[in-house]
Structures are given as structure tokens and as C-alpha cells.
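So the chains spell out like this:
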Amino acid sequence: MIANSATEIDASGLAKSYRPGEHESAMSARWRESGCFKARPDSKSEPFTMFIPPPNVTAALHLGHALNNTLQDTLARHARMRGRDVLWMPGTDHAGIATQTVVERRLALQGKKRTDFTRDEFVAQVQAWKDEYERVILEQLVAMGCSCDFDRTRFTMDPVCAAGVREGFFRLFKDGLIERGRRLVNWDPKTKTAIADDEVVMRDVDGKMWYLKYPLSDGSGTITVATTRPETMLGDTAVAMNPKDPRAASLRGKKIILPIVGREIPIVEDDYVVMALSMGGDASDAKAEVATGFLKVTPAHDPNDFDIGRRHNLALINVLGPDGAISDRHGWNDVSEQAKAFVGLSREDARKAIVNWFKVNGLLENERPWKHAVGHSDRSGVAIEPWLSDQWFVRVTDQRLRGAALKAMAPDQFEGVSPAGKAVGDGEIRFFPPRYAKTFQHWHESLRDWCISRQLWWGHRIPVWTRDAKDEALTQSTSLRGSEMVAVNSKWSALGAAHRMRKRDDGSVEESVCLPLDLEHVAAQLVAAGFEQDQDVLDTWFSSALWPLSTLGWPHPEKFPDMKGMLERYNPSSVLSTARDIITLWVSRMTMFNRYFLGGKVPFKHVYIHPVIQDGFGQRMSKSLGNGLDPRDVIHSHGADALRFTLLDLTTDTQDVRVQIDMIDPQSGETFEPEFMRAPSGHMVAAPIQKSPKSPTQTMVSTYGAASGLATPSAAQPLARNTSSRFDVGRNVATKLWNASRFALMNTPQPALEVDPSTRPLLDRWILSRVAGALTRADRALAEYRFSDFAAAGYDLLWRDFCDWFLEAAKPTAKNDPAQQCVMACSLSAIVRLFHPGMPHVTEALWSAVKNHAACAVRGLDMKSTDLLATSSWPVAHASLIDTKAEAEFARVQALVEAIRNVRGERQVNPKKRIKLLASANASQVVALAGGVVETLSGVDGVLPITHARSPTAAAMTFEGQECWLDGLVDALDIGAERARLTKLLAERQRAVSGYKGKLSNAGYVAKAPPQVVQDTQKMLRDAEAELIAVERSLKELA
RNA sequence: GGGCGCUUAGCUCAGUUGGCUAGAGCGUCGCUUUUACACAGCGAAUGUCACAGGUUCGAGUCCUGUAGCGCCCA
């Protein structure tokens, strides 16, 4: 019959091979229909909770997401099988700047701008983008097998989350933890918005150091300042020097006439100034070498100068506009005739023009190349501009926030004396791997206030209404200190709003009213009274920081029918699994907010930081390099379980993981290693055009080629998708699991009995002990978030123990031994369960057949079965199942089998050839212990005493220091080959003997090492010596 | 500049209180298409554990220093 043999069902009840595509969506459907991923708030079981780090709706999930979600799902499924009530909360993040930017970029392709639309129209466009990608993301999670409670899927801007954001902002505002201030922010002149410190990436730039001469006002000469930013000199309000500088005394009290502008500015003395090398500067400081000892001070355009300005009470003169161009409309009032020429120039043009002015006027002393780090916007890529503007800040440096976060750390992970007290939540957060606790701690110790306003349209609009103070009496009665916002009592506060006032830099007074959600109707009254709602939206991380609260309906879960009791039950969560760079952006802020809003409760008990996935060259995967992998492509080429298993296997806790990129030939479907080249940026990338491995005339475009625009995919030259042969491991495991299950099931027709392991032969006791050991190993690995070890526990049990030894050894016996069938079926059931958290689809597909053996049991191995594997129990092995004696004995069996196989392999004997073993005393004993297993596994069909006559072609071997012979291996002896084999063995034994002798001749070793270690060495020496003698004798006989 | 890691077989990585004649997977080389699996089985080869010191009876493992790589924060 010519049938599709792969789909043919055999005696096991399973198809002949596992094809992921034929099972995955069916399994997903079964899980969904059963509702088994739903949290059970009413259950008595202990909850196990995770909040998914909500992926940005900017794009589909990449391999890093696949990794993190695989790890979380493995934990979730493991916990579920162990009877926990699992809530894995899914959702997505609106990702303010990032999403707005992708939509604006798409509009730009159509020649349109954001400002061509009204705010509402534009937001609707972004919303459409969000809907599309949210759907894709959720589909990807389902395709990967993630067991999220999808009915509870949240979005950071949905009404439930928005209510939390609104309340969080209101409370912080009311409590004085949110304030407005004119500060230097990281301004992105391209997107025209402020960005947070951690959205700034430092990049080394090949710039220049310019040396500008500034004349002293008394005409006594000039001093030279060194600067990398000459264009900001228009805003200089002082020149600073180090008080220790030898020239300080003679310059003290003098003034400078600022060139171009003509402004008279003081010379101030400040320790911050780096002294010139020639004036006693520190030779180990690279800056001393380029420094002149004089620093131009521009408080409005440099954070360090801002600090100097504060110390010396200097004026802030802002000479730049929001687009980064020189402007006289943002605080620069003393524009001279000469300076007017520079107004309106971009910062790049202004730099050239200023430098040129100094050159022309003989005031440019020098210029030299200077490599230095410049902050760039993570989003738009342009250099950020420290810029003065009114922004909203959360005072995270307040002890109620920062202090609470530090106190949350587990005391033994805190460096120094832990501040944790006995309050709720103190000392409860633990990091895995522990080294990341330091990152968390250091971040808080050097924290600055968090700028939360963004000049965007996409996001949570700031719920504050502002106007110039109008109520004179109220203003008079309020004691305004500096620029601090002060709470006032008013008709608005009487309604329940928070009303605060502050004095602006220019002396005018501003009043702000923040409305909680339930006072939304007051907004109209505020507007009528001349208030205007703030135009800005909140930093994305503000809503993310509330994720563990807002997704559970905080502050009013009673308003949402399905959230009753959820907050109390599922917050804190069990573990947060996330990426390294998120510790500062997210972990910290969730900790501060959760503790602040929930009476000290921490948002999670454990924080697991997963590794970063890199390409084969150790580079981060990125769209522009085209070196990313789409999980959907891997699922297509290898299957979801292969993807998952491989990712688990790669996740060790010491190193980031490398996944080298391969390509799929779109014509043949074949995977091949592409040709790489060095991109102009210095990165290694796949060459834009690749040749087909099958037919070199056929070409295709790499993802780098398409991303860089160096090649355009077409019908003749299609785009080649990325994959990686790294995922072969996972695919192979799925296949092995499938085939092993089929074989085991074929050999276990109807075992319905309970077996007492102690009545079973060595082989059976051994495999059950191995199952128990693997379960212990797997449980411990997951408890410590060592995912690679979890994967290895399953792999070793399945492949090495169950397939290579147990199934092979049981082949001749199982068919006629119901008890052994029971052991086989139960071991298989345990293995399939063990693999389920990592490889849910293939195991669930197997379960339809495996569960039919639920009637058999092994005493000491507890397993409960349900219709679905996902809800069946995790196997529990009692201590009685661990049989150290059986393991030790079986290790001897394995050693003997391997010794025989070694000789067979070396002599290239056909595996089918049956041979005779002339066994030593120990070997005979092991053969007897094994009850036929040695013969089965080593192809021996007769065991004779060592004294038995042997043919001239027999080969010598040793076992446990005793000589044995194998006879009947070959028809004619190749003396040369045999001599080579024995000579090699001889050298090996000699090396061993001298090694052990050396150890034992060391008096210190014998005297100080533990007796057991010394005894072991002595035994190994005795065996090695005996074997050496045996090999020597064999060699002699050969000659 | 500060912090955190990493450097072990051709490649990717394990190696949990120091006991190791250093392991796995892939790749390589033999033998085998044996009725679970060639996405397989059996066997083999391959390492001055980055380098230099130190502690110790004993160091891949602990300490110090050097070099290179990576990430985070300035």
C-alpha cells in the first residue's frame, strides 16, 4: 500500500512520526475549550501568579519575547500540574513614544505628518495600529502554547488600567509626590519631547575640543576655555576655575566679556573644574590632558553646569528652541546685534558659525580631535539636548518611594546593612540570579527624580488642569516657597480634587487641579473657570509601574464583575520574569508604586532575570541588522515545542545566549548558512544577496538586504527567511519523545495492576529510581529558575536512561512480563508529564494514548490523570523509589556493557554479530545481577568462565581490574590493529597508574585528605595496576 | 570612569559548599538502514579549563593581578 506512512496509525495508537503542524492548533483548541488556563479565585489551592511583562504593541513578538514567555509558561504549567491555582495575566503595553513613532513613520511614507490631523484623529490611527499588533501578539502567545488566562487580557490604556493610572497619579499628586518644575530634561529635538534618563543611550562620538579665548573685562588679557559645544556659549553665564588652580588668586573677582553677546559674566571657583595638566592636574584623568583649567558655564544647557549654576546662583539663559535651533524666544533676552546673526541656526550650523566667528576674530586658540560620549535618544537616534522646560516629575527620591524599594530587598541580598525593617513587604523581594540584586540596589542609591511628562498624543493624558492664579486672596494666604507646589484649600479641594499652587521662575503663580476619575464631571467647571488640561501624556512606564495593580482592577475591583477578591489573592505575584535592562525601568517602579499604594505590599516575591539572546557573532538581534528570528518562522520550520525546548536548554544563568542565524532558501525550503560580511557600522551581517545552495544561479535577498535597502525582494529574487539550526535539538527531542512513547505503548497492551518495585528485577528498580531522581532534579531546577538544568533533567531521563538503556534492555522481556509493562507505562507517563511544562503540544498529543494506561501503578510513584495532560498531576516520587543500591549495581552493568561495546567498536564488529564473553569473577557476578541485560545490550550470546578455552582471534579486555576475553568477534585476527588497540590501552593505564601513585606518594595527601577519598584512590590504583598487568600480558601473547 | 558578567573540545555551552585521569549537544571519523526513532543506534578522536602569581595535601572551582570580550550605569 502506498499510503502516507507518517500519518498512519500503528499499534501504539499514534501516527508514525510527529509533525508539529498537525497537532499544535488542535491542542491549543482543546486547552481553550476546557478553560484550563483560567484562574480560579474561588479555589482553595495556593495561588501561583505571574504578570506578563506586557509587550509593546509596536511590532510582533521577537525571539527574546519567545524566550521569556517560554520560561513563564514552563513555570505556569509546572505549578498548575502541582495543583496550584495559576493566574498568568496577559496583556500589552501602549508604548507611548515607540508606537507613536512607528505610526508617524508610516504616515511619513504617505507624505503626511501628525499635525495634519486632529489629536483625536491621530490617536485613532495609532489605536488601529495597536489593534492589529495586539491581535498578532496574542496569536503568537497562543501559537507558542502560553497558558495565560486570556479572558483577562489587559491593555495599559484600556478602561480598567486607565482607572488605575488615574488613581495612582491623583494620590501621588495629592501627597506631594508629583510636582511640576522647570528643569533640565533630556530633550529629543527630533520628536520634540522629553525622555527619561534611561531612554538615553550613550554613544562615543568622534568630536572636537575647541579652545575659545574669552577677554577679561579689565582688558588685562584673555583666558581660554575648552569646550565640545561652542554653540552653547551664547548662554554662558560664568567661567569657572578650580580654587586650587595657581592662577586663581590673580583672577579672583575679575569678570569676562562674553564674545559675540557682550554679556559681562563672573569668574567663579568650583572644585568640579578639572585642572590642566600643566597647572597640577591629575595625570590619570584623561580630561586633564585637554583641559585648560577654565570651564565655560552654561547652566541652561548642561547638567553639570546647571549644578555649578545652582551653587553660585548663576542665571539660566536658554538659547535653544524645542527643535534644537538657536532661539531668542525661550529665555534669552540680551541678544546683541552681533548675536542676531546666529538666531535661527540649527545647532549643527550654529556650531560651525560660532567656531568660524572665533577663528575670524582671532579668538580660536586651537582645535583638536576628541572622542567623547554623547547621549542619544533611544527612540529617534538623535543626540539629546539638555533643555530647560516645564515637566512633571515623580519624586521617587522621597523615602516613601525609594526607601520603600530598598527596604523590600531580601536582607541577605543587600550589600551593606539592610534597611529592611519589620513592616509589610520589607525584605521580601529576592532576585534570581542573585547578582541582579546589586543592579536594583545601586539604581535606587543613585536615583534622580523621574520625569513623567511626554509631549506626545498617544498615552494617558495628564489629569491636571492649570491656570494662572486668579484668586488674589488665595494666593496671598498661601506661603509659596521657591518653586515647590503647595496644597491649598479651595472649592475644588472641597469637591475632592487636589489643588496645588507654585511660583514660576518668572514670579507668576500657577495653580493646578488634579481630578480623580470619579470627578471627571468637574473638568467642565474647571475649563469654565479658565483652567486648561495639560497637553502632555504620561511616560509609558507610569502605567507599566501600576500593572500588577491595575490589571486586578485597583483601585475599585468591585466595579468589575470578574475581579472580586482578585487583588487580595493575586498580589503579590509569585515571580516576575523579565529582561536585565528592565530592572531600572520597570521592576523598581512597580516595587515603589505597589508598596506605596497597597500598604507596603510588594508586587512580586521573586524577580527572575533571563539572559539576552544574541546572534552568532554576539550581537544583539535587531531589525536594522536583519539578524532577528521571528518565532513564527521557527514554529513553522521546527515546531513550537522545538522552539520552547531549545530556548529552555539555552537558558543558563551565567551567560547570554547565542543563536547563530541560518537562512531558508525560499525555493527549495532548505536551510543553509548564509554568507556574512561586515556592514559599514562594523556589525557582521548577512550579505544582502545570497546564492541558493542548490542552484548557484538562483539568488535571494537576506533580511539585512531588505532592512538596509541594499536589495529589494522580488519574484525572481525573493526574501529569504531566517531560522537557526540551533532549534534542531528541540525538534529531535520532540521526535524522540514521540517515538519512545510509540514503542513503549506498543509493548504495553493492558497493564492494569499495581507493582511493588522491590519485587522487580534490577533493570526495573533502576529505571524507577532514575525517574524519581530526574523529578527531584527537575523540581529543584525550576524552584531555582535554572531552566537549562530543567531541560537537561528531562533530556537525560528520556534519552539516556529510558531509551538507550531501559527500552533497549527490556525489548526481549517486556512483551511477556505484565509487571515490566507496568513499570514501562508508568515511567513513560512520568516522562511525558515531566516534559509537559516545556513541550506542551507534543506531550498533550501523546497523552491521548498514554492516559489509557492510567489503571496501572507503581507503588511510590503518585500520578493522577485527567482527560487533559495540562490538568493532570505532576508526578510525585516517594523516597522509597530512590534505590541507591540498584543505581550502583546498574552502573556496574553499564560499565561492563560499555567495555564490551568498546572492543566491538574498536574492532568494527557488526552490531548483529553475537559473541562469547569469557568472564572474570566480577564480570560473572554483574552478568548474574543484570539478569540477561548484559547479554542483550552487548550482543553476547554466551557467558563462559575465564578459564574456558578461547580461539586465537579472541580479544582481551578488562573489567574492574580483572581480565576478560571476548571470543568470536572476528573470523581472522588483524594483529596490527589488535596491537594498536592494546598499546593505546596500555598507555592509558600507565598514565592512570602513575597519576594515582603520584597522589598517594604525597604524604600530605594521605595524611590530610578525607579517608574515603584516599581509599577510593587506593582502589583505583589497584584496579589500574591489575588492568595494566592484564594488558601487558595480552600484548605479549599477541607477539 | 564606576558596576556586573564572561574567557573550558572545531562551534555553542554545562561544571551547585575545592576531591576531575574535566562533561553535554552540534560538528568530525569509523561500524550499522537491527521490526520506536537515520530528526537513529554503537564506538572513536579532540582540552597546559585566557594568562601570571597565591592559598591548599589537592584549584576549572577560592584569593590577587594582567589581557581580551560583553552588558548596565556615569
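Residues numbered from 1 in each chain as written. Chains lettered and ligands numbered in written order. Predicted model: local features only at pLDDT ≥ 70, side-chain atom pairs only at ≥ 80, totals over all residues. Heavy atoms only, no water.

### A short note on the overall build of chain A
- Counting its secondary structure elements, chain A contains 33 helices and 42 strands.
- Summarising its shape, the C-alpha atoms of chain A cover approximately 115 × 70 × 70 Å along the three principal directions.
- Sorting the 1039 residues of chain A into buried and exposed places 55% on the buried side.
- At a minimum sequence separation of 6, the contacts of chain A that also span at least 24 residues come to 73%.
- As displayed, chain A offers around 43800 Å² of accessible surface, 52% of which is attributable to carbon and sulfur atoms.
- Averaging the positions of the 127 positive and the 127 negative side-chain charges in chain A gives two centres separated by 2 Å. (Helix = DSSP H or I, 4+ residues; strand = E, 2+ residues; numbered from the N terminus. Buried < 20%, exposed > 50% of the residue type's maximum accessible area, 1.4 Å probe, protein only. Contact = heavy atoms within 4.5 Å. Areas by Shrake-Rupley, 256 points an atom, 1.4 Å probe, with all protein chains shown as cover. Lys, Arg positive; Asp, Glu negative; His and termini not counted. Charge placed at Lys NZ, Arg CZ, Asp CG, Glu CD.)

### Quick notes on the pattern of salt bridges
- Overall, the coordinates contain 73 salt bridges when judged by the stated rule.
- Across the pair Asp756 and Arg859 runs a salt bridge whose closest N-O atoms are separated by 3.6 Å. Residue Asp756 is located in the loop between strand E35 (754-755) and helix H24 (762-783), and its partner Arg859 is located in the loop between strand E36 (857-858) and strand E37 (861-862); the two are separated by 103 residues in the primary sequence.
- Here Asp756 falls in the partly exposed class, since its relative accessible area comes to 24%.
- Among the charged side chains, a salt-bridge network with shared partners connects Arg180, Asp390, Asp468, Arg502, Arg504, Glu510 and Asp534. (Salt bridge = Lys/Arg side-chain N within 4 Å of Asp/Glu carboxyl O.)

### Side note on the pairing of strand E42 (residues 962-967)
- Counting buried positions along E42 yields 5 of 6 residues, so the element is predominantly enclosed.
- The sheet contact formed by strand E41 (residues 955-959) and E42 spans 5 bridges and is antiparallel. By the bridge assignment, Ala956 is partnered in E42 with Trp965.
- Hairpin connection from E41 to E42: 2 residues lie between these consecutive antiparallel strands, with Glu960 at a positive phi of about 50 degrees. (Pairing = 2+ DSSP bridges.)

### A short note on the protein's contact with RNA strand B
- Around RNA strand B lies a shell of 49 residues, among which Thr652, Trp799, Gln908, Tyr996 and Lys1008 are the nearest.
- In the interface set of RNA strand B, defined as its atoms within 4 Å of the protein, sugar plus phosphate atoms amount to 71%.
- A distance of 2.7 Å is found between a sugar or linking oxygen of RNA strand B and a side-chain nitrogen or oxygen belonging to Arg726.
- In this structure, Arg800 approaches RNA strand B through a side-chain N or O atom, which is 2.9 Å from a phosphate oxygen.
- Those elements giving two or more residues to the surface near RNA strand B turn out to be helix H12 (436-445), helix H23 (728-746), helix H25 (787-810), helix H28 (884-906), helix H31 (975-1000) and helix H32 (1003-1008).
- Ranked by residues supplied to the surface near RNA strand B, first place goes to H23 with 10 residues. (Near = heavy atom within 4 Å. Polar contact = N/O pair within 3.5 Å; in protein donor to acceptor, adjacent residues only side chain to side chain.)

### Quick notes on the sheet that holds strand E34 (residues 721-723)
- Overall, antiparallel pairing links the 3 strands, which are arranged E29-E28-E34 in an open sheet. On the outer flanks of this sheet lie strand E29 (671-672) and E34, each paired with one strand and no other.
- Sheet analysis places strand E28 (residues 662-664) next to E29, joined by 2 bridges and oriented antiparallel. For Met663, the partnering residue across the bridge sits in E29 and is Phe672.

### Considering the domain arrangement of chain A
- In terms of domain boundaries, chain A breaks down into domain 1 (205-375), domain 2 (463-533), domain 3 (614-642 + 654-726), domain 4 (728-882) and domain 5 (891-1038).
- Each of domain 2 and domain 5 was reduced to a C-alpha centroid, and the two centroids are 91 Å apart. (Domains from an automatic or database assignment.)

### Considering the nonpolar core
- In this structure, Phe169, Phe542, Phe593, Phe802 and Phe806 are the most contacted members of the largest nonpolar core, which totals 198 residues.
- In terms of residues, this core owes the most to one element, H25, which gives 14 residues.
- The contact partners of Phe802, leaving out residues within four places of it in the chain, are Ala744, Ile767, Leu797, Leu807, Met824, Ser827, Leu828 and Ile831.
- If you look at the next biggest cluster of nonpolar residues, it comprises 39 residues, including Val185, Trp187, Met241 and Ala350. (Core = buried A, V, L, I, M, F, W, Y, C linked by side-chain atoms within 4.5 Å.)

### Points about unusual backbone geometry
- In this chain, Phe432 is followed by Pro433 through a cis amide linkage whose omega measures -15 degrees.
- By the secondary structure assignment, Pro433 is in the loop between strand E15 (430-432) and H12.
- Unusually for a residue other than glycine, Ala95 sits at a positive phi of about 50 degrees.
- For Ala95, the position within the fold is in the loop between strand E3 (91-92) and helix H3 (96-109).
- Of note, the phi angle at Glu960 is positive, near 50 degrees, even though the residue is not glycine.
- By the secondary structure assignment, Glu960 is in the loop between E41 and E42.
- Overall, Glu960 belongs to the partly exposed group, its relative accessible area being 24%.

### Remarks on the packing of helix H5 (residues 159-174) against helix H19 (residues 582-597)
- Where H5 meets H19, the axes come as close as 12 Å, and the angle between the chain directions of the two elements is 75 degrees. With respect to H19, the axis of H5 lies roughly perpendicular. Across the interface between the two elements, Gly168, Arg171 and Leu172 of H5 pack against Phe593, Tyr596 and Phe597 of H19.
- Its residues assigned to classes, the contact of H5 with H19 shows 4 nonpolar, 1 polar and 1 charged. (Axes fitted to C-alpha atoms, helices over the stretch in contact; angles between N-to-C directions. Parallel < 35°, antiparallel > 145°, perpendicular 65-115°, else oblique. Nonpolar A, V, L, I, M, F, W, Y, C, P; charged D, E, K, R; others polar.)

### Quick look at the environment of Ile308
- Looking at the element boundaries, Ile308 is found in helix H8 (residues 303-312).
- In this structure Ile308 comes out as buried when scored by relative accessible area, which is 0%.
- Each residue touching Ile308, except ones within four places of it in the same chain, is listed here: Asp270, Tyr272, Leu295, Val297 and Leu314.

### Points about helix H21 (residues 640-650)
- Most of H21 sits inside the fold, with 10 of its 11 residues counted as buried.
- If you check which residues of H21 are buried, you get Ala640, Asp641, Ala642, Leu643, Arg644, Phe645, Thr646, Leu647, Leu648 and Leu650.

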